[in-house]
Amino acid sequence: LVLSLAWLSLGLGDEEKDGEVVAEEEKKEEDEVLSDEIKEEDNVLVLHEHNFARALSEHRLLLVEFYAPWCGHCQQLAPAFAQAAAELRNESSPAQLGKVDATAQTALANEFGITSYPTLKLFRDGNRTHPLAYTGRMDTQGIVRWMQRRAGPSATLLHDTDTAAAFVDSQDLVVVGFFKDRGGKAAQAFYEVAAEMVDMPFGVAEAAELFQAYGLSADTVCLFKKFDDRQTDFPVDPEQGLDAAKLTQLLRVHSLQLVMEFTTETSNQIFSAKIPHHMLLFLNKSSSEQLLLRDSFRAAAGAFRGEVLFVVVDVNGHGAEVLPFFGMTPEDAPTLRLVKMENNRKYQMDQDTFSDTAIRTFVQAVLDGKVKPHLLSAEPPEDWDTRPVKVLVGKTFEQVAYDETKNVFVKFYAPWCSHCQAMAAAWEELAERYKDREDIVIAEMDATANELENITIHGFPTLHYFPAGPGRKMVEYKSTRDVETFSKFLENGGTLPVEPPVVTKTPGNSTGKEDPSVPETDESRDEL
């Protein structure tokens, strides 16, 4: 989970400056902005609308970060971005990194369709009209590898059996494309995949002796592993050709071990594979009896490869961090859960047996829609309805939110969410304002400890309004998070009255701080 950090702006100086000095400094700053001179900060080019064209003309590969000074995610990225720029420069790469303050350079932000921060785009050979969206990891090595693949050949040419054997044995995971025509469409699709999948080396071969050495007769992509199956072949369909998206997914799925262990090193692999279901075995690795359960777990995994990823979670190791997400403690091990990744629905297997047959039967039943999800619910506090803000839990939500005599406004929050904490006072004030209204209820629910069957919360805070009357209606609130706007929304029956637009002289927040009362955006919610 990535948490946004509030940006603390620099304080203003106490001394007043002479009017002429101020005017001179303002003119100097204006001249600097109007100039096409390119300055640097920590090896990163500082770009604006007057030097952007020059930067494109001088750098064949230019990765540009469009950021906002107040954006917590941008602040987290900044050191890694600067370190990546330094590493690329040290290896004399043609790749260069730059940054644009999109809140100040609105013309550039509009030109390139910037709607969230940070947004990274790659500009090639001075082409301004078709930048490439960055698809790599948001860390130093992810950025460096992604740029390296675009600066040079995305796949190494293997000339003979000796170079091929050395390449295949060079790492735990290696991909080699065997093509009789390296200039054909299938090979080009392969190069596209190689440019994106920067976490494993790609090679390419066309020599007949290499086809023979690896038992191939037609164009094939091979994944070589030092675990599970040594060589996995993905033949190119002679009619359909090579589909880059399908190949990418096949490589991601088969590059994982049949059964993964959840660790710091493997967590990115597990979630980036985009396998739709995860079957989790929670166990205590210090128990020899529980370790034996891995055998039946592995025996069940093969039948669901690509559809379900089997993962072992040590409840006293790295896995301890995810136990609250499942409402579990280490004492609950051993136990099994299946997670549907698209909506985080969790399914609990009966604990009577851990045999491979039982596991396969359970997984198939979930896939067939025959098992109901296991929903978390905290116990309702004794004073849940005595304070102005009513405290809801999973088991009490239905009776309160869908009370046909009440209009119920609910804040779904996470205890660790900075945006939730920032708006807490406004929510309390709103509840105080309406505490004597019989027809309006202001409530909140900890969505990390409580789950609902028909409502999925993807980010925090999420605000939903449940109007009185039949029909179980729900309206998501997406406007400004302040008491007055909340009140207008409630008084208008769950919609905001149409008002004439307000023209402001200066855009943005004058303090430079992250404002909790901004309209709903990617940066004003903490995502799951």
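My aim in this report is to walk through the structure given alongside it, one point at a time. None of the values given here were measured: they were computed from a predicted structure. (Residues numbered from 1 in each chain as written. Predicted model: local features only at pLDDT ≥ 70, side-chain atom pairs only at ≥ 80, totals over all residues. Heavy atoms only, no water.)

## Section: helix H12 (residues 293-301)
As a reminder, the rule being used: Summary of the burial criterion: residues with accessible area below 20% of their type's maximum are buried, those above 50% are exposed, and those between are partly exposed, where the area comes from a 1.4 Å probe applied to protein chains only. Counting from the N terminus, the helices are DSSP H or I runs at least four residues long and the strands are E runs at least two residues long. The arc refers to the directions leading from the helix axis to the C-beta atoms. Contacts are assigned to residue pairs with any non-hydrogen atoms lying within 4.5 Å of each other.
For H12, the full list of buried residues reads Leu 293, Ser 296, Phe 297, Ala 300 and Ala 301. Here the buried residues of H12 occupy an arc of 145 degrees about the axis, which is enough to place them on one side. Where H12 is buried, its residues meet strand E12 (259-261), strand E13 (277-283), helix H11 (288-291), strand E14 (308-314), strand E15 (335-340) and helix H13 (356-367).

## So, the pairing of strand E9 (residues 202-205)
Under the convention used in this document: A pair of strands is considered paired only if DSSP assigns at least 2 bridges between the two. If the strands point away from the viewer and the path from the first strand over the helix to the second runs clockwise, then the crossover is right-handed.
Of the two faces of E9, the one holding Phe 202 and Val 204 and the one holding Gly 203 and Ala 205 are both buried throughout. Here strand E7 (residues 156-157) pairs with E9 via two bridges, running parallel. Across the sheet, Thr 156 pairs through a bridge with Gly 203, a residue of E9. Examined bridge by bridge, strand E8 (residues 173-178) and E9 share four bridges and lie parallel to one another. Among the inter-strand pairings, Val 175 is bridged to a residue of E9, identified as Phe 202. In this fold, the crossover linking E8 to E9 by way of helix H7 (residues 185-196) has right-handed handedness.

## Considering the packing of aromatic side chains
Selection criterion: Classification of ring pairs uses Phe, Tyr and Trp, with its six-membered ring standing for Trp, and accepts pairs whose centres are within 6.5 Å; under 30 degrees between planes counts as stacked, over 60 as edge-to-face, and the remaining range as tilted.
Tallied over the entire structure, the rule returns 31 aromatic pairs. With a centroid separation of 5.7 Å and an interplanar angle of 90 degrees, the aromatic rings of Trp 70 and Tyr 117 are classed as edge-to-face. Of this pair, Trp 70 sits in the loop between strand E3 (61-67) and helix H3 (72-90) while Tyr 117 sits in the loop between helix H4 (106-111) and strand E5 (119-124); the two residues are 47 residues apart in sequence, bridging distant segments of the chain. Classification of Trp 70 as partly exposed rests on a relative accessible area of 25%. On the basis of relative accessible area, Tyr 117 is assigned to the buried category, the value being 18%. Connected via pairs of aromatic rings, a cluster forms that spans Phe 409, Trp 427, Tyr 465, Tyr 477, Phe 486 and Phe 489.

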